[in-house]
Amino acid sequence: MCSLTERVVIVRPPSRSPCRTLGLALIATLVALIASCTRESTNGPRPHDVVLVLVDALRADGVSVLGGAEAHSPAIDAFASDGIVYSRATAPATWCVPGVASLLTGRWPSFHGAERLGDGDRTHVRALDGDATTLAELLTDAGFRAAAFVAGSGGFAPIHGLARGFESFTVVPDGGDGGGLAERVGDWLAAHPERSFLVIGIGGLDEIEVGGPVAPRLRAALGARYRSDVAAVDRTVGEVLAALRAAGRYDDALVAITADHGKLLGEHGLAGDSSPPFEPQVHVPLIVKHAGARRAGEWVERRVSTLGLFATILATTGVAAPPGVQARPLDDLHPVWVEELGTGGGRLRAGYDGPEVKLISFADRGETVACFFDLSRDPDEVRPRCDPDAAPVLRAALSSFGRRDRPARPPATLATAHDPAGGLGAERAAN
Ligand SMILES: [Zn+2]
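Residues numbered from 1 in each chain as written. Predicted model: local features only at pLDDT ≥ 70, side-chain atom pairs only at ≥ 80, totals over all residues. Heavy atoms only, no water.

1. Description of the coordination of the zinc ion
Perfect tetrahedral coordination of a metal by four donors corresponds to 109.5 degrees between them, and perfect octahedral coordination by six donors corresponds to 90 or 180 degrees. Coordination of the zinc ion by the protein comes from Asp56 (OD), Cys96 (SG), Asp260 (OD) and His261 (NE2), over a distance range of 2.0 to 2.1 Å. For the zinc ion, the four donor atoms in the first shell make angles of 100 to 117° at the metal, a pattern classed as tetrahedral. For the zinc ion, the single-chain donor residues occur in sequence as D-x39-C-x163-D-H. In this pair, Asp56 sits in the loop between strand 2 (49–55) and helix 3 (74–80) while Cys96 sits in helix 4 (residues 96–105), placing the two residues 40 residues apart along the sequence. Across the pair, Cys96 and Asp56 agree in class, each one buried. (Donors = N, O, S within 2.8 Å, 3.2 Å for Na, K, Ca; no water. Tetrahedral: all angles 85-135°; square planar, octahedral: opposite > 155°, others 65-115°. Helix = DSSP H or I, 4+ residues; strand = E, 2+ residues; numbered from the N terminus. Buried < 20%, exposed > 50% of the residue type's maximum accessible area, 1.4 Å probe, protein only.)

Quick look at the structure:
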């Protein structure tokens, strides 16, 4: 199960890492080390609230603390010192609907069904499979009150089945000022002293789309525009965190900030969402603050999937994962994959084997094409290895993915962006 994952865990700063202390004192095996870390992460105080801040299309390097050289993100940077920073987090999808659905269900996109139709049209999207249980449903059953507040993030919407389990789902327009999200969050907290599960969707970064090849001279302009938009998003994040603090609900909450996917800004001549899963498209921020600031300041450089946040939230709140979930807690070794349906209905997958080997495969009508990138020598992913010498590496990785048990489920319901009622009843395209 873990053959596709990096086998080294690096946690900074060493002086504050219980994992390092255990490893040195007990000369533990790596498996024991990981198990110890896992127990440590789930045995702390249970959070009173769970707050997931989901920024649409935020690249990891859009954030200063994660290496954005010219980024301006003081609120997220400050938050990072309160939590665990997963510096190499990968989104499970390349665009909004499957990305958000994976975060909320703990399933890879081909397992939750909320994907585009096989013809590649993003305005035609299936709703979440009926058997996919959402975090909101699970935490509501555990006694939480669940609410979502979404500003300018079109992919996180009830039409796709993503409001399932929320007793309140508020969508507000975002004119660049966050749409009053923080005030709404504050109002909710004031009215609901009981445990709450809040998902706060922040848009504003999804408007850079170029419908053709991007000329190199445009890249600087795209980057500047993106950084300006990130600065506005960061202000909204800061306001939301301030609302939590003002309500006295920050310290005892699990608060996580991540993104549904990243974005290309001229790399490979492309700009926008739903691009091939090159690193800028899938490398996203992931910062998790536990209740009581437990493990504050840790820095995990092992590659993880943001899918793991689902399992970490369940483990931390003491809620059992439902059947059909692939997510494993972030501290467990777990496969890191990205899934997408190609424009002709073929299945595109990317995955990682070790810290620097990235595989991309495309399967269509029984044919599979697979290549890999050596990120240590080719960080810009411009020299794919598709030669015969690469075959053993690729075969092992692809077979691992194929071994997953595919859950049985009823036919998915089709929802479209032009049909608020959804429910066209289309069958799923072949994966
Ligand atoms: Zn998105």
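Now that the structure has been shown, the text picks up again.
2. Some words on the nonpolar core
Note on soluble globular proteins: their nonpolar side chains tend to be buried together. Residues Tyr86, Phe156, Phe166, Phe197, Leu286, Val288 and Leu309 are the most contacted members of the largest nonpolar core, which totals 48 residues. Excluding residues within four positions of it along the chain, Tyr86 makes contact with Leu286, Val288, Val300, Val304, Leu330 and Asp331. (Core = buried A, V, L, I, M, F, W, Y, C linked by side-chain atoms within 4.5 Å. Contact = heavy atoms within 4.5 Å.)

3. Points about the confidence of the model for the chain
Parts of the model with low pLDDT should not have their predicted coordinates read in detail. Taken over all residues, the pLDDT of the chain has a mean of 80, while the share at 70 or more is 77%. This stretch, residues 1–41, has a pLDDT under 50; its non-local contacts, to residues over four places away or in other chains, come to 67 contacts. Low pLDDT, under 50, characterises residues 403–431; the stretch is placed with 68 contacts to residues that sit more than four places away or in other chains. (pLDDT = per-residue confidence, 0-100.)

4. What to know about the pairing of strand 2
Where burial is concerned, most of strand 2 is hidden: seven out of the seven residues are buried. Residue alternation in strand 2 divides its side chains into two sets, Asp49, Val51, Val53 and Val55 and Val50, Leu52 and Leu54, and both sets are buried. Direction of pairing for strand 2 relative to strand 9 (residues 253–259): parallel, over a ladder of seven bridges. Across the sheet, residue Val50 finds its bridge partner in strand 9, namely Leu254. With six bridges connecting them, strand 2 and strand 8 (residues 196–202) associate as parallel partners. Opposite Leu54, over in strand 8, you have Gly201 as the bridge partner. (Pairing = 2+ DSSP bridges.)

5. Quick look at helix 7 (residues 181–191)
Helical geometry note: an α-helix holds 3.6 residues per turn, so side chains three or four residues apart project in the same direction. Buried within helix 7 we find Leu181, Ala182, Val185, Trp188 and Leu189. For helix 7, the angular spread of the buried residues around the axis is 120°, confining them to a single face. Away from the buried face of helix 7 by more than 90 degrees, exposed residues Glu183, Ala190 and Ala191 are located. For helix 7, the secondary structure elements touched by its buried residues are strand 6 (145–151), strand 7 (168–172), strand 8 and helix 8 (219–246). (Arc of directions from axis to C-beta.)

6. Here we look at the layout of surface pockets
Size it by volume and the largest pocket reaches roughly 420 Å³. For the largest pocket, the lining is made up of 19 residues, of which Glu279, Pro280, Pro379, Asp380 and Glu381 are closest to its centre. Class assignment of the residues belonging to the lining of the largest pocket gives a composition of seven nonpolar, two polar and 10 charged. Space inside the second largest pocket adds up to approximately 270 Å³. (1 Å grid on protein atoms, 1.4 Å probe; cavity = no way out; pocket = protein on both sides within 12 Å on 5 of 7 lines; lining within 4 Å. Points joined across faces, edges and corners; volume = space filled by probe spheres on them. Nonpolar A, V, L, I, M, F, W, Y, C, P; charged D, E, K, R; others polar.)

7. A closer look at unusual backbone geometry
Located in the positive-phi region is Ala57, a residue other than glycine, with phi close to 65°. Relative to the helices and strands, Ala57 resides in the loop between strand 2 and helix 3. Positive phi outside glycine occurs at Arg295, with the angle close to 65°. Considering the arrangement of structural elements, one finds Arg295 in the loop between strand 13 (286–289) and strand 14 (299–300). Judged by its relative accessible area of 10%, Arg295 falls in the buried class.

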